[in-house]
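Examination of the molecular architecture
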Amino acid sequence: MSSLRVRSAVSPLRRRIPGLTEPAASPARSVDSLIASLRPEDPVHCIRPDVLADTAASFVAAFPGDVLYAVKCNPDPAVLRALWAGGVRHFDCASPNEIVLVRQMFEDAHIHFMHPIKARSAIREAWAAHGVRDFVLDSGAELTKILTEIAATGVDGEPGLVVRLALPKGGAVLDLSGKFGAEMDEAAALLRAARPHATRLGVAFHVGSQCLDPLAWRRALDIAAETIAAAGVAIDIVDVGGGFPVAYPDVEPPPLGAFMAEIEDGFERMGLPNARLWAEPGRALVASGGSVVVQVQARRGDALYINDGVYGSLADAGALNFRYPARLIRPSGAEPSDVDTGFSLFGPTCDSADAMAGPFFLPDDVQEGDWIEIGQLGAYGACLRTGFNGFDRARIVEVAAAPADPVTVPAALQTLAA
Ligand SMILES: *Cc1c(COP(=O)(O)O)cnc(C)c1O
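Residues numbered from 1 in each chain as written. Predicted model: local features only at pLDDT ≥ 70, side-chain atom pairs only at ≥ 80, totals over all residues. Heavy atoms only, no water.

Overview of the nonpolar core
Generally speaking, nonpolar side chains in soluble globular proteins are found buried as a group. In terms of nonpolar packing, the biggest core is built from 103 residues, with Phe59, Tyr69, Phe91, Phe135, Trp217, Val240 and Phe244 touching the most fellow members. In terms of residue count, helix α8 (residues 215-231) provides more of this core than any other element does, seven residues in total. Here this core spans two domains, and each of domain 1 (4-48 + 289-404) and domain 2 (49-286) adds at least three residues to it. Discounting chain neighbours no more than four positions away, the residues touching Val240 are Phe63, Phe205, Trp217, Leu221, Ile263, Leu277, Trp278 and Ala279. By size, the runner-up hydrophobic cluster in this structure holds eleven residues, among which are Ile35, Val44, Val293 and Ile329. (Core = buried A, V, L, I, M, F, W, Y, C linked by side-chain atoms within 4.5 Å. Buried < 20%, exposed > 50% of the residue type's maximum accessible area, 1.4 Å probe, protein only. Helix = DSSP H or I, 4+ residues; strand = E, 2+ residues; numbered from the N terminus. Domains from an automatic or database assignment. Contact = heavy atoms within 4.5 Å.)

Written as structure tokens, this is what we have:
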């Protein structure tokens, strides 16, 4: 069973993995055959390296600048390796552990420290030990902190500095306004203050995650342009952040090309011929390349009690009510019914908040012992697992891309290819 690596799925950031950069010998098996032989009673995270590499290659080809993968979305080494194979060379890291992981895997990776609020020791370690040169900030205090700490290391050089802009509440499913970002006047002052210390200077924003409206980028670029004009300094980087959406059962986002067109247009209108575009996609690169296979432990009416939930990899199916594609796997026994019903799900912990309303559509004869593959879960899935209530066991496997796989592949890839 060479394609299978059994390990705790709790964050790869918390462990050291021997042979980190070694690919699994042959990730050649299908999900169904794995489930038939393992009959797993713990959740199984399935990673499809081919899908990840293809998706990354499509995004890299479509985006007119540097593509920084937002590591928090899925830091599994198999995922990082697949994205690298797809041409991703830049990584948006937010913590020392993410930086160490990426540097340990890829000596030549360009690592960017994109958290606006950093521990002092994290700045020193990134600068002196891991060759990180770009830092984001959204306050004068953070600018001083960055400059003080890199000077304290004694390692010479000038950093790249990127000012994170505040955006008004936009059209994203997950709004990110309000936590980070400098308002326009302050941002302009920060750009002026940072310019003399920066080997390259940029602006960044994040329109919010799973943002379905391409015009959100146009509006944000207009704000960036106004800020830059107010600052009156030369700008080298315009970072349009993440937020690019993927398809879910109730959501068919516009094609990726529509987002790229707004970005190219907005960037063009800024009139910064010497500036470079960056993007920080997370979800759009990895959602389609991951799924989780769960087992049904009980059925009560149209509610299924399964072995994973909101304290595991299905957090966004809880409070945020994300719906994911679902597919029954029944390796033996009766053929599943061909009539579908919408089911709600309950997770394994004893917390009543461990509930996912869905509905998730499955054959109407789902029963205890069946497995369900829940797709489009490569982003913000496995990495959110907790050990709450003792349910901390899960496996991670690499599986071959199945072109006809109804759970994970078609919608998102169509989105990216269009
Ligand atoms: C989370 C995050 C991203 C990735 O966002 P997606 O919506 O997954 O694309 C990019 N940049 C920053 C700063 C983030 O915090």
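Back to the write-up after that little detour.
Quick word on the packing of helix α7 (residues 184-194) against α8
Running from N to C, α7 and α8 cross one another at 55°; their axes reach a closest spacing of 8 Å. The orientation of α7 with respect to α8, classified from their angle, is oblique. In the crossing of α7 with α8, the sense of the turn from one axis to the other is right-handed. Between α7 and α8, the contacting residues are Met184, Ala187, Ala188, Leu191 and Arg192 on the first element and Ile223, Glu226, Thr227, Ala230 and Ala231 on the second. Counted by class, the contact of α7 with α8 contains seven nonpolar, one polar and two charged residues. (Axes fitted to C-alpha atoms, helices over the stretch in contact; angles between N-to-C directions. Parallel < 35°, antiparallel > 145°, perpendicular 65-115°, else oblique. Left-handed = near helix turned anticlockwise from the far one by under 90°. Nonpolar A, V, L, I, M, F, W, Y, C, P; charged D, E, K, R; others polar.)

What to know about the pattern of salt bridges
Opposite charge on two side chains allows them to pair when their charged atoms are near. Applying the stated criterion across every chain, the model contains 21 salt bridges. Between Arg195 and Asp236 there is a salt bridge whose closest N-O contact spans 3.1 Å. Of this pair, Arg195 sits in the loop between α7 and β9 (200-204) while Asp236 sits in the loop between α8 and β11 (237-239), placing them 41 residues apart in sequence. For Arg323, the salt bridge is made with Asp250, and the minimal N-O distance between the two is 3.4 Å. Taken together, the residues Arg323 in the loop between β14 (303-306) and β15 (326-329) and Asp250 in the loop between β11 and α9 (256-270) connect sequence positions 73 residues apart. Residue classification places Asp250 among the partly exposed residues on the basis of a relative accessible area of 44%. Because the salt bridges share partners, they merge into one network encompassing Asp32, Arg48, Arg327 and Glu373. (Salt bridge = Lys/Arg side-chain N within 4 Å of Asp/Glu carboxyl O.)

With respect to helix α4 (residues 96-105)
Counting buried positions along α4 yields seven of ten residues, so the element is predominantly enclosed. Every buried residue of α4 is accounted for by Glu98, Ile99, Val100, Leu101, Val102, Arg103 and Met105. In this structure, the buried residues of α4 make contact with α3 (77-85), β4 (90-93), β5 (110-113) and α5 (120-129).

Re the side chain of Asp354
Summarising the element assignment, Asp354 is placed in the loop between β16 (340-346) and β17 (355-363). With no salt bridge to any partner, buried Asp354 finds its closest opposite charge in Arg385, at an N-O distance of 9.2 Å. A distance of 2.8 Å separates a polar atom in the side chain of Asp354 from the backbone nitrogen of Val310. Excluding residues that lie within four positions of it along the chain, Asp354 makes contacts with Gly309, Val310, Tyr311, Phe346, Gly347, Pro348 and Thr349. (Lys, Arg positive; Asp, Glu negative; His and termini not counted. Polar contact = N/O pair within 3.5 Å; in protein donor to acceptor, adjacent residues only side chain to side chain.)

What to know about the sheet that holds strand β6 (residues 134-137)
In spatial order, the strands read β3-β4-β5-β6-β7-β9-β11-β12; together these eight strands close into a barrel with parallel pairing. Across the sheet, the mean angle from the axis of one strand to that of its neighbour is 25°, orientation sign disregarded. Across two bridges, the pairing between strand β3 (residues 66-70) and strand β12 (residues 276-279) is parallel. Opposite Val67, over in β12, you have Ala279 as the bridge partner. Set on the sheet, helix α6 (residues 140-153) makes contact with β6 and β7 (160-164); between it and β6 the angle comes to about 150°. (Pairing = 2+ DSSP bridges.)

Observations regarding the confidence of the model for the protein
Residues with a pLDDT of 70 or more make up 89% of the protein, whose mean pLDDT is 90. Within the model, the stretch residues 1-10 combines pLDDT values under 50 with 39 contacts to residues more than four positions away or in other chains. Confidence over residues 408-418 falls short of pLDDT 50; this stretch has 29 contacts with residues more than four positions distant or in other chains. (pLDDT = per-residue confidence, 0-100.)

Focus: the site of the ligand
The ligand sits among 13 residues. The nearest are Lys72, Ser209, Gly243, Glu280 and Tyr380. Arg283 is positioned with one of its backbone polar atoms (N or O) 2.9 Å from an oxygen atom of the ligand. Tyr380 has a polar side-chain atom sitting 2.6 Å from an oxygen atom of the ligand. Contact with the protein chains hides 90% of the accessible area of the ligand, taken as 390 Å² for the molecule alone. Here the shell around the ligand is composed, by residue class, of three nonpolar, five polar and five charged. (Near = heavy atom within 4 Å. Areas by Shrake-Rupley, 256 points an atom, 1.4 Å probe, with all protein chains shown as cover.)

As for the side chain of Arg323
Classification of Arg323 by relative accessible area gives buried; the value is 18%. At 3.5 Å, the side chain of Arg323 forms a polar contact with the backbone oxygen of Pro359. Setting aside chain neighbours within four positions, we find Arg323 in contact with Tyr248, Pro249, Asp250, Gly358, Pro359, Phe360 and Phe361.

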